[in-house]
Amino acid sequence: MQRILYKYLDIGGAKWMLGLEERKYPNLQFTNATQLNDPFDCHPSLIDHESNIDENSPWPKEWLIEKEVLDSTNLRNNTWLCSLSKINDSILMWAHYCYGHKGVCIGLDIEKVLKSTPPLFCSIYLEPHLWEVQYQDIIQRSTGGIDPWHYQLSTKAKDWEYEQEVRLIAEKPTGMYAAFTPQQAKENKPNKIWDWKEIHQYMPLKGECFDSIYFGINTDPKDKEKIINHARKHLNPNIKLYQMTVDEDAFRLNAEDITNLSCTSNIELKKKT
């Protein structure tokens, strides 16, 4: 698997992830598997429960199947995941996840991300799983010989293949790093009861995990400057910076390297002030 993976974000999500505003430390957001935008995602129906039971068991077959379904349901309820991508130039993802190319795409060194996992982020002393998503035309339920949990948590419809998704998967995170999003914090009231699956988990990241930042065609220049200055000062002074541009000869995006240009611009700006 490639070492650099990418996270598409709107500008607010990018600032949150980089530790620029509300969050005081850089982080990766993990979302409960029941809260994803695809209702088929991680669904228990992806598993052929009958093929996984022990035919020699003294227990009634119906009971065993019911237990398999319950185990798959609990797996989904107790799993939080973070979606990343192998690519940084998807027109669709820039449009959808970056709100009309106004956000950013952050490149992460996945080996350093895994090494920076706090000991108590997951319920046991393990790093999150790193699994590539497999795409299917139809629901091809897992049967004997295939790890049903792996299949359930990393299989999606062919319609999503353009995302080229890779997932970080945390089973039963301890809750030590759970927090409201800014929007949830605004909605929170003393008598409000939250479903625990609605609460995100935020895994702290070291600055060295941030390999690169790609700015959208419509990213606000002020936000861009603020992010660059913060990233260089507080995260990785050698972080690579790119500006996405329109390719005039094809329906695709190009990434213009502005690493040195941005450095020069910042120096000139400081001199003027």
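Refer to the structure printed above.
Residues numbered from 1 in each chain as written. Predicted model: local features only at pLDDT ≥ 70, side-chain atom pairs only at ≥ 80, totals over all residues. Heavy atoms only, no water.

**Details of the overall build of the chain**
Item 1. The secondary structure content of the chain amounts to 8 helices and 13 strands.
Item 2. Seen through its C-alpha atoms, the chain measures out along the principal axes to roughly 80 × 50 × 35 Å.
Item 3. Counting all 273 residues of the chain, 47% fall into the buried class.
Item 4. In the chain, of all internal contacts separated by at least 6 residues, the share reaching a separation of at least 24 is 74%.
Item 5. Surface summary for the chain: the accessible area is close to 15,000 Å², and the carbon and sulfur share equals 52%.
Item 6. Side chains of the chain give 32 positive and 39 negative charges; the mean places of these two sets differ by 10 Å. (Helix = DSSP H or I, 4+ residues; strand = E, 2+ residues; numbered from the N terminus. Buried < 20%, exposed > 50% of the residue type's maximum accessible area, 1.4 Å probe, protein only. Contact = heavy atoms within 4.5 Å. Areas by Shrake-Rupley, 256 points an atom, 1.4 Å probe, with all protein chains shown as cover. Lys, Arg positive; Asp, Glu negative; His and termini not counted. Charge placed at Lys NZ, Arg CZ, Asp CG, Glu CD.)

**Details of the layout of surface pockets**
Item 1. Roughly 990 Å³ of volume is contained in the largest pocket.
Item 2. Where the lining of the largest pocket is concerned, the elements lending two or more residues are strand E1 (4-9), helix H1 (11-18), strand E2 (27-32), strand E3 (79-85), helix H3 (91-96) and strand E8 (165-171).
Item 3. Counting residues per element, the lining of the largest pocket draws most heavily on E3, which supplies 5 residues.
Item 4. Residue composition of the lining of the largest pocket, by class: 15 nonpolar, 11 polar and 9 charged.
Item 5. Space inside the second largest pocket adds up to approximately 280 Å³.
Item 6. Lining the second largest pocket we find 17 residues, and of these Leu75, Ser123, Trp149, Glu171 and Lys172 sit closest to its centre.
Item 7. Within the residue set of the lining of the second largest pocket, elements represented by two or more residues are helix H2 (61-77) and E8. (1 Å grid on protein atoms, 1.4 Å probe; cavity = no way out; pocket = protein on both sides within 12 Å on 5 of 7 lines; lining within 4 Å. Points joined across faces, edges and corners; volume = space filled by probe spheres on them. Nonpolar A, V, L, I, M, F, W, Y, C, P; charged D, E, K, R; others polar.)

**Quick word on the nonpolar core**
Item 1. One finds Leu28, Phe30, Leu108, Val113, Leu168, Phe210 and Ile213 to be the most contacted residues of the largest nonpolar core, which totals 35 residues.
Item 2. In contact with Leu168, other than residues within four places in its own chain, are Leu28, Phe30, Trp80, Leu81, Cys82, Leu84, Ile110, Val113, Leu114, Pro128, His129 and Leu130.
Item 3. Ranked by size, the runner-up nonpolar core spans 12 residues in total, among them Ile4, Met93, Tyr214 and Tyr242. (Core = buried A, V, L, I, M, F, W, Y, C linked by side-chain atoms within 4.5 Å.)

**So, the pattern of salt bridges**
Item 1. Overall, the coordinates contain 13 salt bridges when judged by the stated rule.
Item 2. Two residues, Glu165 and Arg167, come together in a salt bridge whose shortest N-O distance is 2.7 Å.
Item 3. Residue classification places Glu165 among the buried residues on the basis of a relative accessible area of 3%.
Item 4. Three or more residues joined by partner-sharing salt bridges are found here, namely Asp41, Lys156, Glu165 and Arg167. (Salt bridge = Lys/Arg side-chain N within 4 Å of Asp/Glu carboxyl O.)

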